[in-house]
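Below, each chain spelled out in residue letters.
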Amino acid sequence: MSQSSEDRVFESAAELFGVLATPIRLRIISAVCEHEKNVSQLLAEIDTTQPNMSQHLATLYRSGVLARRREGTQIYYRLQSERVAMLCRAVCTQVAIEIDGGGGMPSSERLMPLAQR
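Notes on the structure in this doc start here. (Residues numbered from 1 in each chain as written. Predicted model: local features only at pLDDT ≥ 70, side-chain atom pairs only at ≥ 80, totals over all residues. Heavy atoms only, no water.)

1. Description of helix 4 (residues 50–62)
Then, number 1: Helix length check: helix 4, at 13 residues, gives a terminal C-alpha distance of 18 Å against a target of 18 Å (1.5 Å per residue), a fit within 8%.
Then, number 2: Buried within helix 4 are the following residues: Met53, His56, Leu57, Thr59 and Leu60. Around the axis of helix 4, the buried residues are gathered within 160° of arc, so they sit on the same side. Seen from the buried face of helix 4, the exposed residues on the opposite side, beyond 90 degrees, are Pro51, Gln55 and Arg62.
Then, number 3: Buried-residue contacts for helix 4 involve helix 1 (3–20), helix 2 (23–31), helix 3 (39–45), strand 2 (66–71) and strand 3 (74–79).
Then, number 4: For helix 4, the capping residue at the N-terminal end is threonine 49, with a side-chain oxygen 3.2 Å from the backbone nitrogen of asparagine 52.
Then, number 5: Following helix 4 by one or two positions, glycine 64 has its phi on the positive side, about 90°. (Helix = DSSP H or I, 4+ residues; strand = E, 2+ residues; numbered from the N terminus. Expected span 1.5 Å × (residues − 1). Buried < 20%, exposed > 50% of the residue type's maximum accessible area, 1.4 Å probe, protein only. Arc of directions from axis to C-beta. Contact = heavy atoms within 4.5 Å. Polar contact = N/O pair within 3.5 Å; in protein donor to acceptor, adjacent residues only side chain to side chain.)

Right under this line is the structure:
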């Protein structure tokens, strides 16, 4: 891979991680993993205000993480890419393992520094 191709890969990955770097956005992705939901359904699952939810949904939509469709007055959101869901599941599962008892895990294998737990 050429330097410029590698740079584009790292820039794109950093952009994606930036979009995913908010807990509420990870909750939204988790909520729509199985099937699409509208804003009311998401607000019933995720404790936030409607304006805040709409702002995060717009960011996830603009970045290509979510797709949406309109049905009457409702807008339904779904994952645009299963790869994003797989990435989020892998990272969140590993972090949960470390938080819940990865005490015997060598520090070189951890995603999170010990001080952050």
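Picking up where we left off.
2. Looking at the nonpolar core
Then, number 1: Grouped together as the largest cluster of nonpolar side chains are 20 residues, with contacts concentrated most on Ile28, Ile29, Leu57, Val65 and Leu66.
Then, number 2: When contributions to this core are tallied by element, the ones reaching two or more residues are helix 1, helix 2, helix 3, helix 4, strand 3 and helix 5 (82–101).
Then, number 3: A per-element tally of this core places helix 2 first, with four residues.
Then, number 4: Beyond its immediate stretch of four places on either side in the chain, isoleucine 29 contacts Leu20, Leu60, Val65, Leu79, Val84 and Cys88. (Core = buried A, V, L, I, M, F, W, Y, C linked by side-chain atoms within 4.5 Å.)

By themselves these figures say nothing about function.
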